[in-house]
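Spelled out from the first residue to the last, the chains are:
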Amino acid sequence: MIFLKRQFPIIIAFVAGIMLWIRYYIPSETSNSIEEGYLNWVRIIVGFAAILGILSLLQHHLIKIRLKRPGFAFSYVTIAAFILMMLAGLAPFAIPGFAEKNMESGSLFNWLYEFTFIPMQATMFSVLAFFIASAAFRAFRARSMEATLLLLAALIMMVGRVPIGDLISNATPTFQLFGNDYHVIDLEEWTSWLLNVPNAAAKRGILLGVYLSQIAIAIRIIFGIERTYMGGGD
Amino acid sequence: MDFVTLILNLDRKIIFAFVAVLVAWPLIWPLALPIETTPEVRSIFAAIEALPNGSDIIIAADYDPSSKPELQPFTYSLLAHCFEKDLKVHLLTLWPGGPALIQQAIEDVAAQYNKTSGTDYCFLGYKPGNAAVVGGLTNSITGTYPTDFYNKQTATMPLYQRVQSVKDVKYIVDIAAGATVEVWIAFASAPEKVPMSAACTAVSAAGYYAYYTAGQLDGISGGMKGSAEYDVLLMNNYPTVKVGGATRIAGNAVKGMDAQSAVHLFIVLSIILANICYFIANKRQRDERRGA
Amino acid sequence: MGMGKRILACLALLLLLPLQAQAAPAPVDQMLGDVGNDDGSAIGIFWDWNSEPTGADAFSLEVRVNQELVDHYALTERQSQMLSDAREWLRGEIADLLAERTAAAAEMRTANDALNQGIIDKLDNATINQLRSNYWAKYKVHRRLEQRITSLHEEFASRTYHGEDLRLKALTWEYLKQALAGESWVDATGATPMTEVGTKAGRTDLFGVNAGNAPDAGRKFATVGTISVPNPGTPAADDSYTGLEQFSSIPVNLVPDIEYQVKMSTYEMVPNPENAEESLPELDNQYTLGSATPLSNAFDKSKWNNLLFALFFSSVILTFIILARRNPNMFIRRIAGLEAVDEAIGRATEMGKPVLYLCGMQSLSELPTLAAINILGRVAGKIADYESDLIVPNRDPVVQTVAQEVVKEGYLNAGRPDAYRDDNIFFLTDDQFSFTAATCGIMMRDKPAAIFLMGYYYAESLLLAETGADTGAIQIAGTDAEHQLPFFIVTCDYTLIGEELYAASAYLSREPMLLGSLKGQDVAKAIMMLIILLQAIFFIFGPQADWLKDMVTPL
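Residues numbered from 1 in each chain as written. Chains lettered and ligands numbered in written order. Predicted model: local features only at pLDDT ≥ 70, side-chain atom pairs only at ≥ 80, totals over all residues.

(A) Layout of the overall build of chain A. Looking only at helices and strands, one finds seven helices and two strands in chain A. Its C-alpha atoms give chain A a radius of gyration of 28 Å, clearly above 17 Å, the size a compact globule of 234 residues would have. The principal-axis extents of the C-alpha atoms in chain A amount to approximately 75 × 55 × 45 Å. The contacts of chain A with a sequence gap of at least 6 include a subset with a gap of at least 24, amounting to 28%. (Helix = DSSP H or I, 4+ residues; strand = E, 2+ residues; numbered from the N terminus. Rg over C-alpha atoms; globule rule 2.2 N^0.38 Å. Contact = placed C-beta atoms within 7 Å.)

Below you can see the structure in the form of structure tokens.
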């Protein structure tokens, strides 16, 4: 039992990890089919896990209803929506009022998807605009030198990326330097400098660290040094 | 409570209300602000413009309804541009929520230009597994997508008698709401040496500038602003592109830019206001401490 | 030489000149061989033109089909039995349906025409409704037949699939056999303008970034890997049922370890008399280039520097892990976000409110999620110690099952298995914004005292973090999604940036072996920085150092 729970998963991780790593260097057809087989296995396992997920969701909400935890009424909504969507998708006949059955266009399922699910999704995303406004209002304070720089960069970016920025830039006088004309305030030029120079440099630095960390964590997992993800503790 | 403390402790719902009004106002009564184009978007347009007529292009529309306002206008303008130049378009999506939007876009634009599926373009549909799909396309397009979105055999289409894999196309554009641009660069564009550009949401655009400066992307279009710029470039270069009428092909993003300008300006002004109040409050505190 | 002869010679030259100009360049000094880093299906060909090609000159490469290649695609006895059984079955099932469908389609069209005519003739509403429902009835009949035929085709496709598509294999075999019988050369590239042909310098993927500096960099180079075997024009009659007979050609990959003969044809592009914008290739000459055998390679040579780097970094990291076992007291810099973990959990206990933990939006096979799970394991132990509640909503059922296991183990190790509640670690939905909405709902209702946002996030980052900030919770975020970092930094109390997320598990556990890997990582990073610095210095002051670029790009 201890073997099955401790050593066996590590052996699987080691063998699969090393095998797929070596496979990367071998360009033959067999090596491609090994990877394909592995991907198929992943898909199959994920398929079964989806059932577990649904059961977990239902269990969570049923317990909530049984124990009358705060907000348990919402659990009724969740379960009702779940059952409605499932019926609409699986019913072997067209629901009255709809031309088609199952998930074809013109079915109840499709209607629900298009006219409730998609608008709700778009709504959630749109809330982002409001949240950005309030987060910016609260967070951008010139508390220190760094915060002030961040604030200035944010202001230039926000104005420079919309037509108003162009209007402002074009309204300012121009001067000559090395034979070229420059605007005193050129927001477009400044925003693209901010994006192309400091932003790109910082991103590269972060990414380099991230990729090295990913290599390190992959090695720790392949060699069984990091086992927390198996629930194995230390 | 005086004005300064009121501003510093402002309920965020008041800010929300301002944003709501400022979004709605210019959408109903447009201000028609002029839109200037940036080099990042101009280079996408130029790259497409430079393709020989009749060459093949892959357009990956990897987004779903939540980023429709930002990216759908770009898809329309890009498709119109491709059809103006008589390019053969291979459309696909790596996002499960994408097909409905793309179907709408390609059918609208193709109808406008009298293009037929299988000969002038092919909408391959959705397939799960990001990198695996893109990697598959570099081996064989018809092998990865045996049937298109409409369940037609791809191997028998005239389009795929010439084109076998990503190697055979001249250009790739990824219209992405998520992290698919890296996948296209790493698995298709770089190994097969096919140049590509990306159009992404404003949030993620900043992240792709590293690829742009490194030359791995020809151009970047960020958010609705980028889409609006592409619209403007298209309408300036191809005056015949349908702007009015039942289905607008170009100019859909331009409408949104006024609202975006207004909200950006509001945020900038409110940040400045909040900072002034912050300084006044700080000064008061210091004075009090000194007085005590 | 007499005057007359000279004039004659001049005339002859004048006559010859246009002829000479018309002839397309011929390939010389050709060299054929295997392509080093492919799956063994391609032949590489080097050559030069004997004169400068013009825009009107084109060429194509052809390969001769041989017996071994045909044999490779031959169906086994079992496969051909399967195929003929499936054909027999399909023919029995589908024959009547096809006839019915044709009839139904005709009826549908008639009904549609009648309806359209009715509308044009402005008949009264009742009649039009009658016509419309008639059309819909016919439409449904036709549609049902279509669906049955489609499902039969699908069934047929699955019956004829046995590790590979047997129908396609059979067709390929058929086409190849015909090509072999006709002793024909099969086209591999199509007519390509000579001015567009690649050179060695252009194929840095095969010859390294230095290819441009090699003495033979200007040599023309092309690969032949796939040939388009044309339809011999004898599709089996019963294939019309399966919709496969329309192939005009089938792309066939060359099979490794067989010798192929290669030929080049040169063309002149002449205007198409039917379409002025198009031009057609007109055959000029043909040259036998020779033969070559593509080899299936055991190692992709373009990746050797990748392998070297991988081995080097692995050994550095493993060395430091071993060193760490000998000398466990390694210095690691303070990470404020992780120091605050205890504070956050302690606060939750004081307030009697739960802790909310998210593992990011990706699946378990992504490393940020694994890192988040690792941190969850460490955090769960502390939470059990402090006797707070831990809520973990999940977007991926696999992550959810693993999270349950990890938290249970954390509670067990802390000696509090009784406090663990299975239904606190649950699956919500795998849709991005539905998940976000549900999680924000949990934040607003349960008002957690501490919120951990670990792993990879997309556009929902600010929605989650701003809602959390509004509830007044202490928030600790950790992500390597660099474009979401600004949002976390402005809304969370502490943010782990990029690699700190991966270091967190080691940091919290203080386990020497994990700390050792962090040290190894630092050394590897120092080497990378050195390479970047050197390249920058060379770029500014000296000539281009290509060997440095070679080290880090595919060869």
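(B) Structural context of the overall build of chain B. Summing up its helical and strand segments, chain B has 13 helices and six strands in all. In terms of its C-alpha atoms, chain B occupies a principal-axis envelope of roughly 85 × 40 × 30 Å. Counting the 292 residues in chain B, one finds 49% classified as buried. Within chain B, contacts between residues at least 6 apart in sequence are counted, and of these 72% link residues at least 24 apart. (Buried ≥ 20, exposed ≤ 12 C-beta atoms within 10 Å, placed from the backbone.)

(C) Seen up close, the domain arrangement of chain A. All names here are of chain A. Domain annotation of chain A identifies domain 1 (1–69) and domain 2 (141–234). The centre of domain 1, based on its C-alpha atoms, is set 36 Å off from the matching centre of domain 2. In this assembly, seven residues from domain 1 lie in contact with six residues from domain 2. Residue composition of the side of domain 1 that touches domain 2, by class: five nonpolar, one polar and one charged. (Domains from an automatic or database assignment. Nonpolar A, V, L, I, M, F, W, Y, C, P; charged D, E, K, R; others polar.)

(D) Representation of helix H3 (residues 77–120) of chain C in the model. Residue and element names in this part refer to chain C. With 44 residues, H3 ought to run about 64 Å at 1.5 Å a step, and its terminal C-alpha atoms sit 61 Å apart, in line with that. Within H3 the residues assigned to the buried category are Ala86, Arg87, Leu90, Ala104, Ala111 and Leu115. Elements that come into contact with the buried residues of H3 comprise helix H4 (125–159). (Expected span 1.5 Å × (residues − 1).)

(E) Just unusual backbone geometry, in detail. At B:Asn114, a residue that is not glycine, the phi angle is positive and equals roughly 55 degrees. By secondary structure assignment, the location of B:Asn114 is in the loop between helix H5 (99–113) and strand S3 (121–126). Positive phi is not limited to glycine here, since C:Lys122 has a value of about 55 degrees. Here C:Lys122 is to be found in the loop between H3 and H4. Using a count of 7 C-beta atoms within 10 Å as the deciding quantity, one classes C:Lys122 as exposed.

(F) Highlighting the confidence of the model for chain A. Residues of chain A with pLDDT of at least 70 account for 97%, and the chain-wide mean is 83. Predicted confidence in chain A is weakest over strand S2 (residues 180–183) of chain A, with a mean pLDDT of 78, and strongest over helix H3 (residues 72–90) of chain A, with 90. (pLDDT = per-residue confidence, 0-100.)

(G) Structural detail: the interface of chain A and chain B. Between chain A and chain B, the contact holds 31 residues from the first and 34 residues from the second. Of all the secondary structure elements, the ones that give two or more residues to the side of chain A that touches chain B are helix H4 (108–139), helix H5 (145–160), helix H6 (163–171) and helix H7 (187–222) of chain A. At ten residues, the largest contribution of residues to the side of chain A that touches chain B is made by H4(A). For the side of chain A that touches chain B, the class distribution of residues is 20 nonpolar, five polar and six charged.

(H) Broad picture of the interface of chain A and chain C. Each partner contributes residues to the interface: chain A has 52 residues there, and chain C has 66 residues. Every element with two or more residues in the side of chain A that touches chain C is listed here: helix H2 (29–66), H4 and H7 of chain A. For the side of chain A that touches chain C, the leading source of residues is H7(A), giving 15 residues. By residue class, the composition of the side of chain A that touches chain C is 31 nonpolar, 16 polar and five charged.

(I) A look at the environment of C:Asn231. By secondary structure assignment, the location of C:Asn231 is in the loop between strand S7 (226–230) and strand S8 (249–253). In this structure C:Asn231 comes out as partly exposed when scored by C-beta crowding, with 16 C-beta atoms within 10 Å.

(J) Quick look at the domain arrangement of chain B. Taken domain by domain, chain B holds domain 1 (3–30 + 258–291) and domain 2 (39–250). Each of domain 1 of chain B and domain 2 of chain B has a C-alpha centre, and these two points are 40 Å apart.

(K) Here's a closer look at the sheet that holds strand S4 (residues 171–176) of chain B. Residues and elements named next belong to chain B. In space, the six strands of this open sheet follow the order S3-S2-S1-S4-S5-S6, with parallel pairing throughout. Edge positions in the sheet fall to S3 and strand S6 (220–222), since each has one partner strand and no second. Each strand of the sheet is rotated relative to its neighbour by a mean of 10 degrees, with strand direction disregarded. In the sheet, strand S1 (residues 56–62) pairs with S4 via six bridges, with the strands oriented parallel. If you follow alanine 61 over to S4, its bridge partner there is isoleucine 175. Packing of helix H3 (residues 39–50) onto the sheet brings it into contact with S4, strand S5 (196–200) and S6, and relative to S6 it is tilted by some 130 degrees. Packed on one face of the sheet, H5 meets S1, strand S2 (88–93) and S3 and runs near 170 degrees to S3. (Pairing = 2+ DSSP bridges. Axes fitted to C-alpha atoms, helices over the stretch in contact; angles between N-to-C directions.)

(L) Representation of the sheet that holds strand S6 (residues 220–224) of chain C within the structure. All names here are of chain C. With respect to topology, three strands assemble into an open sheet ordered S1-S2-S6, the strand pairing being antiparallel. Two strands in the sheet have a free side with no partner beyond their single neighbour: strand S1 (27–34) and S6. With strand direction ignored, the average angle separating the axes of adjacent strands in the sheet is 20 degrees. With six bridges joining them, S1 and strand S2 (residues 43–49) adopt antiparallel strand pairing. Residue pairing for S2: glycine 33 is matched across the bridge by glycine 44.

(M) The arrangement of the packing of helix H6 (residues 130–139) of chain B against helix H9 (residues 180–192) of chain B in detail. Residue and element names in this part refer to chain B. Close contact between H6 and H9 brings their axes to 9 Å; oriented N to C, the two are set at 20 degrees. With respect to H9, the element H6 is oriented roughly parallel. Crossing of H6 against H9: the hand is right-handed. Here Asn130, Ala131, Val134, Gly135, Leu137 and Thr138 of H6 come into contact with H9, specifically with Thr180, Val183, Trp184, Phe187, Ala188, Pro191 and Glu192. Residue composition of the contact of H6 with H9, by class: eight nonpolar, four polar and one charged. (Parallel < 35°, antiparallel > 145°, perpendicular 65-115°, else oblique. Left-handed = near helix turned anticlockwise from the far one by under 90°.)

(N) Layout of the environment of C:Asn413. With respect to the helices and strands, C:Asn413 occurs in helix H10 (residues 397–413). Of the residues examined, C:Asn413 has 16 C-beta atoms within 10 Å and is grouped as partly exposed.

(O) How the structure looks around the confidence of the model for chain B. Across chain B, the average pLDDT comes to 86, with 97% of residues at 70 or higher. Here the predicted complex carries an ipTM of 0.85, next to a pTM of 0.77.

(P) Summary view of the pairing of S4(B). Residues and elements named next belong to chain B. Here S4 lies mainly inside the structure; six of its six residues are buried. Alternating positions in S4 separate into two faces, Tyr171, Val173 and Ile175 on one and Ile172, Asp174 and Ala176 on the other, with burial throughout. Direction of pairing for S4 relative to S5: parallel, over a ladder of five bridges. By the bridge assignment, aspartate 174 is partnered in S5 with alanine 198. Traced from S4 through H9 to S5, the parallel crossover comes out right-handed. (Right-handed = clockwise from strand over helix to strand, strands pointing away.)

(Q) Inspection of the environment of C:Ile345 at higher detail. Residues and elements named next belong to chain C. Within the secondary structure, isoleucine 345 is located in helix H8 (residues 336–351). With 151 residues separating them in the primary sequence, isoleucine 345 and methionine 194 have C-alpha atoms 71 Å apart. When sequence neighbours within four positions are dropped, the list of residues in contact with isoleucine 345 reads Val355, Lys382, Ile383, Tyr386, Ser388 and Ala450.

(R) The packing of H7(A) against helix H14 (residues 499–509) of chain C, seen in detail. Close contact between H7(A) and H14(C) brings their axes to 8 Å; oriented N to C, the two are set at 35 degrees. Of the residues in H14(C), those touching H7(A) at A:Gly209, A:Val210, A:Ser213, A:Ala216 and A:Ile217 are C:Glu499, C:Tyr502 and C:Ala503. A per-class count over the contact of H7(A) with H14(C) returns five nonpolar, two polar and one charged.

(S) Structural detail: the pairing of S1(B). All names here are of chain B. Counting buried positions along S1 yields seven of seven residues, so the element is predominantly enclosed. Burial of S1 is two-sided: the residues Asp56, Ile58, Ala60 and Asp62 facing one way and the residues Ile57, Ile59 and Ala61 facing the other way are all buried. In the sheet, S1 pairs with S2 via five bridges, with the strands oriented parallel. For aspartate 56, the partnering residue across the bridge sits in S2 and is lysine 88. Since S1 and S2 lie parallel, the crossover through helix H4 (residues 68–84) that links them has a hand, and here it is right-handed.

(T) Fine view of the nonpolar core. In terms of nonpolar packing, the biggest core is built from 206 residues, with B:Leu91 and C:Leu376 touching the most fellow members. Not counting residues within four places of it along the chain, the set of residues in contact with B:Leu91 comprises B:Ile59, B:Ala61, B:Ile102, B:Ile106, B:Tyr121, B:Cys122, B:Phe123 and B:Leu124. With 36 residues, the next largest nonpolar core counts C:Ala24, C:Val63, C:Val65 and C:Val262 among its residues. (Core = buried A, V, L, I, M, F, W, Y, C linked by C-beta atoms within 7 Å.)

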